[in-house]
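# Structural overview for review
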Amino acid sequence: MTHGSAYPEGASPLDPRHRPTDRPRRLRATPAMRRLVAETRLHPAELILPMFVREGAGEPVPISSMPGVVQHSTESLKGAIADAAAAGIGGVMLFGVPEHKDATGSGATDPDGILNVATRIAAAEAGDALVVQTDLCLDEFTDHGHCGVLDANGYVDNDASLERYRDMAVAQAEAGSQLLGLSGMMDGQVAAVRDALDDSGFDSTPILAYAAKYASAFYGPFREAVQSSLQGDRRTYQQDPANRREGAREVELDLAEGADIVMVKPAMSYLDVLSDTAATSPVPVWAYQVSGEYAMIEAAAAHGWIDRRRAIEESVIGIRRAGADAVLTYWALELAEWIR
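Residues numbered from 1 in each chain as written. Predicted model: local features only at pLDDT ≥ 70, side-chain atom pairs only at ≥ 80, totals over all residues. Heavy atoms only, no water.

## Re the environment of Val 61
When you line up the elements, Val 61 lands in strand S2 (residues 61-62). In this structure, the C-alpha to C-alpha distance between Val 61 and Glu 334, residues 273 residues apart in sequence, is 19 Å. Those residues in contact with Val 61, other than ones at most four positions away along the chain, are Arg 54, Val 69, Val 70 and Gln 71. (Helix = DSSP H or I, 4+ residues; strand = E, 2+ residues; numbered from the N terminus. Contact = heavy atoms within 4.5 Å.)

What follows is the structure, given as structure tokens:
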């Protein structure tokens, strides 16, 4: 056999004895054929748009590290929700950016706090067209930037934080949130919030548990988006990127506590954890394509190093292929338009 040839030396490609028996390329020959046999598809209803709402803003404020993403004013939020509903996406996830912060994140439970105000606006604007979801975490509201309250030694106090989460859950449900996204990674948070909701008459309000959430470098641009005051890091409560089995354990715990949906975050670097979760979870599994994933593709595309649309589509298809039933992505509206 000659080097680089698929056939014995002197043999003809037309010789029936040496023709390939398997020809997968038959199903790749045309765009229509590739579309017909695609194993993974995207639909707008599987996309959720994270949105930031800034207290005191008179107009949308661009986020420099996330080109195309803004901190909305309460007024611009209305139009953005209408656009999201018209695009047919599944939902929006709201984050508040308050003007004032304190040690316990009191703005998170204030009915007139920015996130609760934004939730009422979004719920009224959206109606039944999409699911208005809220981030249930203290990091945007605390002056130290951590996801819980601190003890006298500056350590995040798990059980004291749960009490704040219980109050947040009720405040968000009263504001009209249709799905609470528990992203703080406190032990027992799902059970605590479920108990608080049920005791307050919100037994029909579902919980999205950020079950496997890792202490990732890819959250960087998000810090700007919520004007984070973080001091130190979150490695004592978010997961170590080295650990796969730990992710499965966290998912199991949240399911046992009553999570209605479980999440893996980030998506790109944790597709193995996502696949593991999808293989075992009896409830829907979501993934969050985080700010750093967004920023990297946008930056590379801006330099002409990659094809922007193809990279965006491929990145989200990869998350869906790994097992996500829905994806939180800052490209939700753009993807929905391309799909249509």
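## Quick notes on the packing of helix H9 (residues 291-302) against helix H10 (residues 308-321)
Running from amino to carboxyl end, H9 crosses H10 at an angle of 160 degrees, the nearest separation of the two axes being 9 Å. One finds that H9 runs roughly antiparallel with respect to H10. In this structure, H9 crosses over H10, and the sense of that crossing is right-handed. Residues Ile 297, Glu 298 and Ala 301 of H9 form the contact with H10, whose own contacting residues are Arg 308, Ala 311, Ile 312 and Ser 315. Looking at the contact of H9 with H10 residue by residue, the classes come out as four nonpolar, one polar and two charged. (Axes fitted to C-alpha atoms, helices over the stretch in contact; angles between N-to-C directions. Parallel < 35°, antiparallel > 145°, perpendicular 65-115°, else oblique. Left-handed = near helix turned anticlockwise from the far one by under 90°. Nonpolar A, V, L, I, M, F, W, Y, C, P; charged D, E, K, R; others polar.)

## Here we look at the pattern of salt bridges
Tallied over the full model, the rule gives 14 salt bridges. Between Asp 112 and Arg 120 there is a salt bridge, and its shortest N-O distance comes to 3.9 Å. In this structure, a network of salt bridges that share partners links the residues Glu 163, Arg 166 and Asp 195. (Salt bridge = Lys/Arg side-chain N within 4 Å of Asp/Glu carboxyl O.)

## Observations concerning a nonpolar patch on the surface
A contiguous nonpolar surface patch, about 270 Å² in accessible area, is contributed by Leu 27, Leu 36 and Val 37. Relative to the assigned elements, Leu 36 resides in helix H1 (residues 31-36). (Patch = residues over 30% accessible without salt bridge, like charges linked within 9 Å, V, L, I, M, F, W, Y side chains within 5 Å. Areas by Shrake-Rupley, 256 points an atom, 1.4 Å probe, with all protein chains shown as cover.)

## Comments concerning helix H3 (residues 114-126)
Its 13 residues place the ends of H3 18 Å apart at the C-alpha level, agreeing with the 18 Å of an ideal helix rising 1.5 Å per residue. For H3, the full list of buried residues reads Ile 114, Leu 115, Asn 116, Ala 118, Thr 119, Ile 121, Ala 122 and Ala 126. Contact partners of the buried residues in H3: strand S1 (47-54), helix H2 (74-87), strand S4 (91-97), strand S5 (131-136) and helix H4 (158-175). Where H3 terminates, the next one or two residues include Gly 127, which has phi positive at roughly 60 degrees. (Expected span 1.5 Å × (residues − 1). Buried < 20%, exposed > 50% of the residue type's maximum accessible area, 1.4 Å probe, protein only.)

## A few points about H10
End to end, H10 covers 20 Å across 14 residues, agreeing with the expected 20 Å (1.5 Å per residue, within 8%). Of the surrounding secondary structure, the elements contacted by the buried residues of H10 are S1, helix H8 (271-280), strand S9 (285-288), H9, strand S10 (326-328) and helix H11 (332-339). Between the side-chain oxygen of the N-cap and the backbone nitrogen of Arg 309 there are 3.3 Å, and the N-cap of H10 in question is Asp 307. Within two residues after H10, Gly 323 carries a phi angle of roughly 130 degrees, on the positive side. (Polar contact = N/O pair within 3.5 Å; in protein donor to acceptor, adjacent residues only side chain to side chain.)

## Examining the environment of Ala 124
Relative to the helices and strands, Ala 124 is located in helix H3. Given a relative accessible area of 66%, Ala 124 falls into the exposed group.

## Section: the side chain of Thr 277
Turning to its location among the elements, Thr 277 is positioned in helix H8. Look past the residues within four positions of Thr 277 in its chain and what remains in contact with it is Val 251, Val 262, Val 264 and Val 285.

## Re the packing of aromatic side chains
With the rule as written, the count across this model stands at eight aromatic pairs. Taken together, the aromatic side chains of Phe 52, Phe 95, Phe 222, Tyr 288, Tyr 294, Tyr 330 and Trp 331 make up a single cluster linked through ring pairs. It is Lys 265 that lies over the ring of Phe 222; its NZ or CZ is 5.5 Å from the centre. One residue, Lys 265, lies across the ring of Tyr 288, its end atom 4.4 Å from the ring centre. (Phe/Tyr/Trp six-rings, centres within 6.5 Å; stacked < 30°, edge-to-face > 60°. Lys NZ or Arg CZ within 6 Å of the ring centre and 35° of its normal.)

## Quick look at the pairing of strand S8 (residues 261-265)
In the case of a regular strand, side chains alternate between the two sheet surfaces. Taking burial as the measure, the five residues of S8 include five buried ones, the bulk of the element. Burial along S8 is two-sided: Ile 261, Met 263 and Lys 265 and Val 262 and Val 264, pointing in opposite directions, are all buried. In this structure, strand S7 (residues 207-213) lies alongside S8, joined through four bridges in parallel fashion. Bridging across to S8, Ala 209 finds its partner in Val 262. Inspection of the sheet shows S8 paired to S9 by three bridges, in the parallel sense. Its bridge partner lying in S9, Val 262 is registered against Val 285. Note that the unit made of S8, H8 and S9 has a crossover that is right-handed. (Pairing = 2+ DSSP bridges. Right-handed = clockwise from strand over helix to strand, strands pointing away.)

## What about unusual backbone geometry?
Residues Lys 265 and Pro 266 are joined by a peptide bond in cis, for which omega reads -10 degrees. Structurally, Pro 266 is set in the loop between S8 and H8. In this model, Met 185 sits at a positive phi of 60 degrees, which is unusual for a non-glycine residue. Relative to the assigned elements, Met 185 resides in the loop between strand S6 (179-182) and helix H5 (189-199). Backbone geometry at Gln 227 places phi at a positive 50 degrees, although glycine is not the residue there. With respect to the secondary-structure elements, Gln 227 resides in the loop between helix H6 (220-225) and helix H7 (245-256).

## With respect to the packing of H4 against H5
Following both chains from N to C, one finds H4 and H5 inclined at 45 degrees, their axes separated by 9 Å at the closest point. One element, H4, and the other, H5, form an angle in the oblique class. As H4 packs across H5, the resulting crossing turns out to be right-handed. From H4, Leu 162, Tyr 165, Arg 166, Ala 169, Val 170 and Ala 173 reach across to H5, where they touch Gln 189, Ala 192, Val 193, Asp 195, Ala 196, Leu 197 and Asp 199. For the contact of H4 with H5, a count of residues per class yields nine nonpolar, one polar and three charged.

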